[in-house]
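What the coordinates show
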Amino acid sequence: IERATGKGFGDRENPLLVSVRSGARDSMPGMMDTVLNLGLNDETVEALAIRTGNERFSLDCYRRLISMYGSVVMGVQSRHENDPEPFDDAMDRLK
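1. Overview of the overall build of the chain
Each helix and strand in the chain was counted, giving four helices and two strands. Along the chain direction, N to C, the helices and strands of the chain fall in the order α-β-β-α-α-α. Within the span of the chain, comprising 95 residues, buried residues form 21% of the whole. The contacts of the chain with a sequence gap of at least 6 include a subset with a gap of at least 24, amounting to 34%. Accessible surface for the chain amounts to roughly 7,500 Å². Of this, 51% is attributable to carbon and sulfur atoms.

2. Observations concerning the pattern of salt bridges
Counted according to the given criterion, the structure contains three salt bridges. The residue R12 makes a salt bridge to E43 at a minimum N-O spacing of 2.8 Å. Of the two residues, R12 is situated in the loop between α1 (2–5) and β1 (18–21) and E43 in the loop between β2 (34–38) and α2 (44–52); the sequence distance between them amounts to 31 residues. With a relative accessible area of 57%, R12 lands in the exposed category. Taking the relative accessible area as the measure of exposure, E43 reaches 40% and is therefore partly exposed. Across the pair R64 and D60 runs a salt bridge whose closest N-O atoms are separated by 3.2 Å. Taken as a pair, R64 and D60 lie in helix α3 (residues 55–73) at a separation of four residues, close to a single helical turn.

Parameters at a glance
- Residues numbered from 1 in each chain as written.
- Predicted model: local features only at pLDDT ≥ 70, side-chain atom pairs only at ≥ 80, totals over all residues.
- Heavy atoms only, no water.
- Helix = DSSP H or I, 4+ residues; strand = E, 2+ residues; numbered from the N terminus.
- Buried < 20%, exposed > 50% of the residue type's maximum accessible area, 1.4 Å probe, protein only.
- Contact = heavy atoms within 4.5 Å.
- Areas by Shrake-Rupley, 256 points an atom, 1.4 Å probe, with all protein chains shown as cover.
- Salt bridge = Lys/Arg side-chain N within 4 Å of Asp/Glu carboxyl O.

Take a look at the structure:
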């Protein structure tokens, strides 16, 4: 993928971002868990902001990665059905 795109996974100047879908037997068709923007970190998010000229877009991509990783990979979920998503609640407190 790196050769085909000219981007590098973890590259601080031209980062390669990938999205991953679950192939787990628990996944139902049309309901596959997805993690977007793998490859972003504190350094590559800055490179994405420079390359796109849009810092807000870059930070939102990073936020999505953290949120999806927490939910899909680490199992961070609301305790009750009507509770807000934990990550969204934390972001609201920071605003």
